[in-house]
Each structure stands twice: as C-alpha cells, then as structure tokens.
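Residues per chain, in single letters:
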Amino acid sequence: SSSSSSTSSFFFHFFNIMIAIAIFALLVSVCQSFQIRKSNFAPSNFISMVAVGESAPDFELKNSQGKSFKLSTFKGKKPVVVFFYPADNTPGCTTEVCAFEKKAPDFKAFGAEVFGISSGGPADKEKFIRTNKLTSMELLIDSADTVRTSWKVPKA
C-alpha cells in the first residue's frame, strides 16, 4: 500500500510537471510565432495561469471523430500532458503541434497520454491531423474556448 501511495504521488508530481512544460512550450511557441515583446513575458502577466502543484481544472472534450475525453478519468491512473495551441493549419501552430507529435513517444514511454487543445471544428481538425500525420496524440476541440479560459491560458 505504501508502494501504491508513492506511485500515486509520483504520477501527481509528474502530471503537474508535464502541465508546466506544456504551458511553457505554448508560451515559447506564441512568442516565436507572433514576436511578442519581452515586456509581455513579465511574470505579473502570467500569475493567473495554472501553477505547478495546483490541480488542473477538469474538462471533457471531443476529438474530430466525436470521441469524448475527460481529464479526471486519468487522475491517479496515469500522467497526462496537455498543451494548447491557437488554431489548426497555421504555420506557428503546425510547428508546435508537430514538435509535440515528435516528442509524444517520449511522454508515452512514461505511460502518459498527450492531448492538444484548440478551437475549431471537426473537419478542420481532421484535415490538420491527416495533412501532418498526427497519430501519437489526441487533438481535442474547445470550440468555445471554455477549457483554455478555465486553465487561464492566454489567447494568442
């Protein structure tokens, strides 16, 4: 039972670290894609984001085929990597998502699930997946930006 507790603790910490990495990757990508001024990255501008150690807000979103994924179903079972990107089929976002596609096997080696979240619709998302051969992760549709907002991720 002590082993079960340390396994749960490991996954909890790993999950929070992966969230922090995903949010950092999003910020770097946004900065590179939109040439955001350095002053926009002052710590005070991002204080409201989900912090390391803070529980991530739950969500339930569908992929392009209509299959639902609920974050809380993974809690205590396996780590989850979640990243946000503004739109499908744009140069900066394609670069970001393809970078996660390339690294997804590394995350999966630790037993993690990888989810990319953006707005848009099923047809655009499916085209984006096919065009870029994105098969190592699930791309989820947040058409009303409710998850992005609840996670306090700034709109790019």
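Residues numbered from 1 in each chain as written. Predicted model: local features only at pLDDT ≥ 70, side-chain atom pairs only at ≥ 80, totals over all residues. Heavy atoms only, no water.

S.K.: Please set out the overall build of the chain residue by residue, giving values where relevant.
M.R.: Each helix and strand counted, the chain has 4 helices and 5 strands in total. The order of helices and strands in the chain, counted from the N terminus, is α-β-β-β-α-β-α-β-α. Scored against the burial criterion, the 156 residues of the chain give a buried share of 38%. Residue pairs in contact within the chain that sit at least 24 positions apart in sequence constitute 69% of those at least 6 positions apart. Only carbon and sulfur atoms are counted for the fraction: they give 59% of the accessible area of the chain, which is about 8700 Å². (Helix = DSSP H or I, 4+ residues; strand = E, 2+ residues; numbered from the N terminus. Buried < 20%, exposed > 50% of the residue type's maximum accessible area, 1.4 Å probe, protein only. Contact = heavy atoms within 4.5 Å. Areas by Shrake-Rupley, 256 points an atom, 1.4 Å probe, with all protein chains shown as cover.)

S.K.: Kindly report on the pairing of strand S5 (residues 138-141), identifying the contributing residues and their values.
M.R.: Of the pairings in the sheet, the one linking strand S4 (residues 113-118) to S5 comprises 4 bridges and is parallel in character. Looking at the pairing, Phe115 lines up with Glu138 of S5. Remark: the S4/helix H3 (residues 122-132)/S5 crossover connection has right-handed handedness. (Pairing = 2+ DSSP bridges. Right-handed = clockwise from strand over helix to strand, strands pointing away.)

S.K.: Pulling in residues and values, what's your account of the confidence of the model for the chain?
M.R.: Here the chain shows a mean pLDDT of 78. Residues at 70 or above account for 69%. pLDDT under 50 marks residues 26-47. Its contacts with residues more than four places away, or in other chains, come to 24 contacts. (pLDDT = per-residue confidence, 0-100.)

S.K.: Tell me about the nonpolar core, and please be specific about residues and values.
M.R.: Counting residues in hydrophobic clusters, the biggest one holds 16 residues, and the most contacted among them are Phe59, Val82, Phe84, Ile117, Leu140, Val147 and Trp151. Elements that contribute at least two residues to this core include exactly strand S3 (80-84) and S4. Formed by 15 residues, the second largest nonpolar core is a distinct cluster that contains Phe107, Val114, Leu134 and Leu139. (Core = buried A, V, L, I, M, F, W, Y, C linked by side-chain atoms within 4.5 Å.)

S.K.: So what's going on with H3? Residues and values would help.
M.R.: Taken together, the buried positions of H3 are Lys125, Phe128 and Ile129. In an axial view of H3, the angular spread of the buried residues amounts to 95 degrees, which keeps them on one side of the axis. Facing away from the buried side of H3 by more than 90 degrees, the exposed set consists of Ala123, Arg130 and Thr131. Buried residues belonging to H3 abut helix H2 (91-109), S4 and S5. (Arc of directions from axis to C-beta.)

S.K.: Summarise the packing of aromatic side chains; cite the residues concerned and give the values.
M.R.: What characterises a pair of aromatic rings is the spacing of the ring centres plus the angle enclosed by the ring planes. Throughout the structure, instances matching the rule amount to 7 aromatic pairs. Look at Phe83 and Phe100: their rings are 3.8 Å apart centre to centre, the planes differ by 0 degrees, and that puts the pair in the stacked class. Placement of Phe83 in strand S3 and of Phe100 in helix H2 is noted, with a sequence separation of 17 residues between them. Assessed through its relative accessible area of 6%, Phe100 is described here as buried. Members of the aromatic cluster, connected to one another through ring pairs, are Phe83, Tyr85, Phe100 and Phe128. (Phe/Tyr/Trp six-rings, centres within 6.5 Å; stacked < 30°, edge-to-face > 60°.)

S.K.: Quick rundown of the pattern of salt bridges? Include the residues and the values.
M.R.: This model, assessed by the stated rule, comprises 6 salt bridges. A salt bridge links Asp106 to Lys103; the nearest nitrogen and oxygen atoms lie 3.6 Å apart. Remark: Lys103 and Asp106 occur in helix H2; sequence separation between them is 3 residues, near one turn of the helix. Classification of Lys103 as partly exposed rests on a relative accessible area of 45%. Put simply, Asp145 and Arg148 hold a salt bridge, and the shortest N to O gap is 3.6 Å. Taken as a pair, Asp145 and Arg148 share a single burial class, namely buried. Taken together, the salt bridges that share partners define one network made up of Asp145, Arg148 and Lys155. (Salt bridge = Lys/Arg side-chain N within 4 Å of Asp/Glu carboxyl O.)

S.K.: Could you give an account of the pairing of S4, naming the residues involved and the relevant values?
M.R.: Side-chain direction in a regular strand flips from residue to residue, so the side chains alternate between the two faces of the sheet. With respect to burial, S4 is a largely interior element, 5 of its 6 residues being buried. Sheet topology places S3 next to S4; 5 bridges connect them, and they run parallel. Looking at S4, one finds that Phe83 is bridged to Gly116. Following the chain from S3 across H2 to the adjacent parallel S4, one finds a crossover that is right-handed.

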